Protein chains: 2
Amino acid sequence: MAIPRAAKTQRRTRIQEEKEEQILEAALDVFSVSGFRGSTIDQIAEVAGMSKPNLLYYFRTKEAMHRALIDRVLFTWLEPLRAFNAQGNPESEIRGYIRRKLEMARDFPRESRLFANEVLQGAPHIEDELKGPLKELVDEKAEVIRTWAKAGKIVKCDPYHLIFSIWSTTQHYADFDVQVRAVLGQGQSGEGRFEDAARFLEQLFVDGLSVRAKQPAS
Amino acid sequence: MAIPRAAKTQRRTRIQEEKEEQILEAALDVFSVSGFRGSTIDQIAEVAGMSKPNLLYYFRTKEAMHRALIDRVLFTWLEPLRAFNAQGNPESEIRGYIRRKLEMARDFPRESRLFANEVLQGAPHIEDELKGPLKELVDEKAEVIRTWAKAGKIVKCDPYHLIFSIWSTTQHYADFDVQVRAVLGQGQSGEGRFEDAARFLEQLFVDGLSVRAKQPAS
DNA sequence: GGATAATTTGACCGACTGGTAAACATTACA
DNA sequence: TGTAATGTTTACCAGTCGGTCAAATTATCC
C-alpha cells in the first residue's frame, strides 16, 4: 500500500526529495504566471514531465502545492529585510537593502511574481503570514529607521512608507518586467536595465535621504 | 432575429448602453481580483445580476469583455502622464503627477489591479499597446525630464527609471493594498495612509530630486 | 530471488467551463 | 394595436477542471 506523502518515518527518500523539487519547480513556473485560480494541475504536470496522478501522489491537492511554494518563497523573500542591521551605517544599510532586493528581482522573478499574484488577488492564502511574521519584522525594522532619523543620521521620514517604496520600486522590475521591456525598447532591454535601475534607486533613496547633502529646511 | 451587439446602425439603444455598463462594472470587479484566466463568466454574471447567456448577448466572448475593459482603463490610466506639462514648473509638475497617480490608486484600485494582473501575467492581450502608444508617451515625457535636468532645473537622473519608480510606488497602494493594510495594522489602515504616503513620496521625489536643496557633489 | 513497500499510470468521476440554440418576453414604432 | 426588432431565459453541449481508484511497474531489503 502506498500512503507516504512524507508521512510515516518523517525521513524522505531520495526519489521523494527529487520529485517534490521537480514538481515545485514546475509549479513555480505555472503559478507565477497565472496565479492560483488560473493555473491547472495538468499544466504543472506537463511542465514537470509527470502524469497528473503522480503529482497528486506527492501533493494531495493543488492547494498543497501552492502552500508549499508560498511557504518557501515567503521565507527567502524576507531575507534581505532580516539582514537589515541596526548597528550598521544607515546609508550603507539602505544601499545594501536596495541592492539585494534588486538582485532578487533580477535572479528570482518567478518568486516575486508568485508573491505579487497572491497579494494582488487579496492574499487569500497568506493573510495570516502578512499580519503576523511580516508585520512584526517590518515593525522592528521601522523602529530602527526611526531611531536613525531621531539621531539625525538620516532625514526624517515615515519608515513604513520608506520600506513600501523600496519594495515596490525594486519588485517592479520583476513583476512588471514586460512593461519595463516594452517601454525601454529593444536597446536598453538587456540586463543593463538592472544596473541603470540600481544607479537610479541609489540616487533616489540614498542621496535623497542622507542628511549630509541636505540643508535642514530649504 | 437578434444580431445586434452594437452592430447594424452603430447607434446603441438606452438598454444596450445601460447593460453594457452594468456588465463591465461587474467584469471589473471579477477580473481585477482573479485575472483573465482565473475569472469565469458565471462569476461576472452573478455580480452583474444577469444570466450568463444575457452577458454573451452583449459581449460575444469572455475575451471581448476583457478587451473592452482594458481599452477603457488603459486610456484613463495614462491621463495623468499625458497631463505632464513640459512648460510647467518641474517641481510642481512632478508633485502633481505623483498626487494624481496616488489619487487614482485610492479612487480606482480595481482599475489598477486589472492592469497589474494583465502585465504580471505577461500582458498577453496588451503587448501592442505597451510597445506602441505607451512607449511613445513615455519617450516623449522622458525627453521633457531630460531637458529639465540638462537645464539644471532638476537633479540629473535617468528619466525612464524615474517614471517607473513613480508608477510603482503609487500603484503599490492599490495593487498591494492587502499587504499595506496588514503591515500598518488596524491603527493606520484608514484612509489616512494615503495622506501619509503622499507626504512621504513628495519628500522622496520632490525634495530628493530638486536641485535647490542639494550641493553639487557631496 | 522473492516479498514488500514505494512509485507511476490509464481510466474514470462529478462539477464546472465557455459558449450555443431556440423558445419566450419585451420594447419600439408605424 | 400589431408587428418586427430587441432583449432574456431555459436547456443544453463538448471540453476541461480537481481529484480518485485500482492495476501495473519499479525500487528496497532480506
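Rules behind the numbers
- Residues numbered from 1 in each chain as written.
- Chains lettered and ligands numbered in written order.
- Predicted model: local features only at pLDDT ≥ 70, side-chain atom pairs only at ≥ 80, totals over all residues.
- Heavy atoms only, no water.
- Helix = DSSP H or I, 4+ residues; strand = E, 2+ residues; numbered from the N terminus.
- Buried < 20%, exposed > 50% of the residue type's maximum accessible area, 1.4 Å probe, protein only.
- Contact = heavy atoms within 4.5 Å.
- Buried area = accessible area lost by both parts, 1.4 Å probe.
- Polar contact = N/O pair within 3.5 Å; in protein donor to acceptor, adjacent residues only side chain to side chain.
- Nonpolar A, V, L, I, M, F, W, Y, C, P; charged D, E, K, R; others polar.
- Expected span 1.5 Å × (residues − 1).
- Arc of directions from axis to C-beta.
- Least-squares fit on C-alpha atoms with pLDDT ≥ 70 in both.
- Core = buried A, V, L, I, M, F, W, Y, C linked by side-chain atoms within 4.5 Å.
- Phe/Tyr/Trp six-rings, centres within 6.5 Å; stacked < 30°, edge-to-face > 60°.
- Salt bridge = Lys/Arg side-chain N within 4 Å of Asp/Glu carboxyl O.
- Axes fitted to C-alpha atoms, helices over the stretch in contact; angles between N-to-C directions.
- Parallel < 35°, antiparallel > 145°, perpendicular 65-115°, else oblique.

(A) Inspection of the overall build of chain A at higher detail. When helices and strands are counted, chain A shows 11 helices and 0 strands. Ordered by position in the sequence, the α and β elements of chain A form the string α-α-α-α-α-α-α-α-α-α-α. Across the 218 residues that make up chain A, the buried fraction comes to 53%. When contacts within chain A are restricted to residue pairs at least 6 apart in sequence, long-range pairs at least 24 apart make up 66% of them.

(B) Structural view of the interface of chain A and chain B. Counting residues at the interface gives 60 residues for chain A and 61 residues for chain B. Three residues, Leu120, His161 and Val183 of chain A, lead the burial of chain A against chain B; their summed loss comes to 14% of the area buried on that side. Across the contact surface, chain A and chain B share 8 residue pairs in polar contact (both at pLDDT 80 or more). Elements supplying a minimum of two residues to the side of chain A that touches chain B: α1 (14–38), α7 (109–120), α8 (127–150), α9 (159–175), α10 (177–188) and α11 (192–209) of chain A. Broken down by class, the residue content of the side of chain A that touches chain B amounts to 28 nonpolar, 19 polar and 13 charged.

(C) The arrangement of helix α6 (residues 90–107) of chain A in detail. With 18 residues, α6 of chain A extends 26 Å from end C-alpha to end C-alpha; this agrees with the ideal 26 Å at 1.5 Å per step. The N-cap residue of α6 of chain A is Asn89 of chain A: its side-chain oxygen and the backbone nitrogen of Glu91 of chain A are 2.9 Å apart.

(D) Broad picture of the side chain of Ser34 of chain B. With respect to the helices and strands, Ser34 of chain B occurs in helix α1 (residues 14–38). The buried category is assigned to Ser34 of chain B, whose relative accessible area is 11%.

(E) Region of the structure containing helix α2 (residues 41–48) of chain B. Residue and element names in this part refer to chain B. Ile41, Ile44, Ala45 and Ala48 are the residues of α2 that are buried. Here the buried residues of α2 occupy an arc of 100 degrees about the axis, which is enough to place them on one side. Downstream of α2 by one or two residues, Gly49 has phi in the positive range, about 70 degrees.

(F) Quick peek at the relation of the copies chain A and chain B. For these two chains of identical sequence, chain A goes onto chain B by a turn of 180 degrees and a shift of 0.0 Å along the axis, with RMSD 0.0 Å. Such a turn and shift between the copies fits a two-fold axis. In this assembly the copies share their binding face: 100% of the residues contributing to the interface of chain A also contribute to that of chain B.

(G) Spotlight on the nonpolar core. By size, the foremost hydrophobic cluster in this structure holds 136 residues, and its most contacted members are Leu55, Trp167 and Phe205 of chain A together with Leu55, Trp167 and Phe205 of chain B. Phe205 of chain B has contacts with Leu204 of chain A together with Ile98, Leu162, Ser165, Ile166, Thr169 and Ser210 of chain B, leaving out every residue within four places of it along the chain.

(H) Local environment of the packing of aromatic side chains. Inspection of the entire model under this criterion finds 14 aromatic pairs over all chains. Centre to centre, the rings of Phe84 of chain B and Trp148 of chain B are 5.6 Å apart; their planes meet at 35 degrees, and the pair counts as tilted. With Phe84 of chain B in the loop between α4 (62–83) and α5 (90–107) and Trp148 of chain B in helix α7 (residues 127–150), this pair connects stretches of sequence that are 64 residues apart. Grouped by ring-pair contacts, the aromatic residues Phe164 and Trp167 of chain A together with Tyr173 and Phe194 of chain B constitute a single cluster.

(I) Up close: the environment of Val119 of chain A. Mapped onto the elements of the fold, Val119 of chain A is located in helix α7. A sequence separation of 11 residues divides Val119 of chain A from Leu130 of chain A, and the C-alpha atoms of the two residues are 9.5 Å apart. Setting aside anything within four residues of it in sequence, one finds Val119 of chain A in contact with Ile126 of chain A together with Asp175, Phe176, Val178 and Gln179 of chain B.

(J) The pattern of salt bridges, seen in detail. Residue and element names in this part refer to chain B. Evaluated as defined, the whole model comprises 36 salt bridges over all chains. Its salt-bridge partner being Lys52, residue Asp42 comes within 3.7 Å of it at the nearest N-O pair. With Asp42 in helix α2 and Lys52 in helix α3 (residues 52–58), this pair connects stretches of sequence that are 10 residues apart. The salt bridge involving Lys135 is made with Asp139; its shortest N-O contact spans 3.1 Å. Remark: Asp139 and Lys135 occur in helix α7; sequence separation between them is 4 residues, near one turn of the helix.

(K) Structural detail: the packing of α11 of chain A against helix α10 (residues 192–209) of chain B. Contact pair α11 of chain A / α10 of chain B: the axes reach a minimum separation of 9 Å and the direction vectors enclose 80 degrees. Taken together, the axes of α11 of chain A and α10 of chain B are roughly perpendicular relative to one another. Listed contacts from α10 of chain B to Leu204, Phe205, Gly208 and Leu209 of chain A of α11 of chain A are Leu204, Phe205, Gly208 and Leu209 of chain B. When its residues are assigned to classes, the contact of α11 of chain A with α10 of chain B shows 6 nonpolar, 2 polar and no charged.

(L) Structural view of unusual backbone geometry. Residue and element names in this part refer to chain A. One non-glycine residue with positive phi stands out, namely Ala123, at about 50 degrees. When you line up the elements, Ala123 lands in the loop between α7 and α8. For Ala123, a relative accessible area of 0% gives the class buried.

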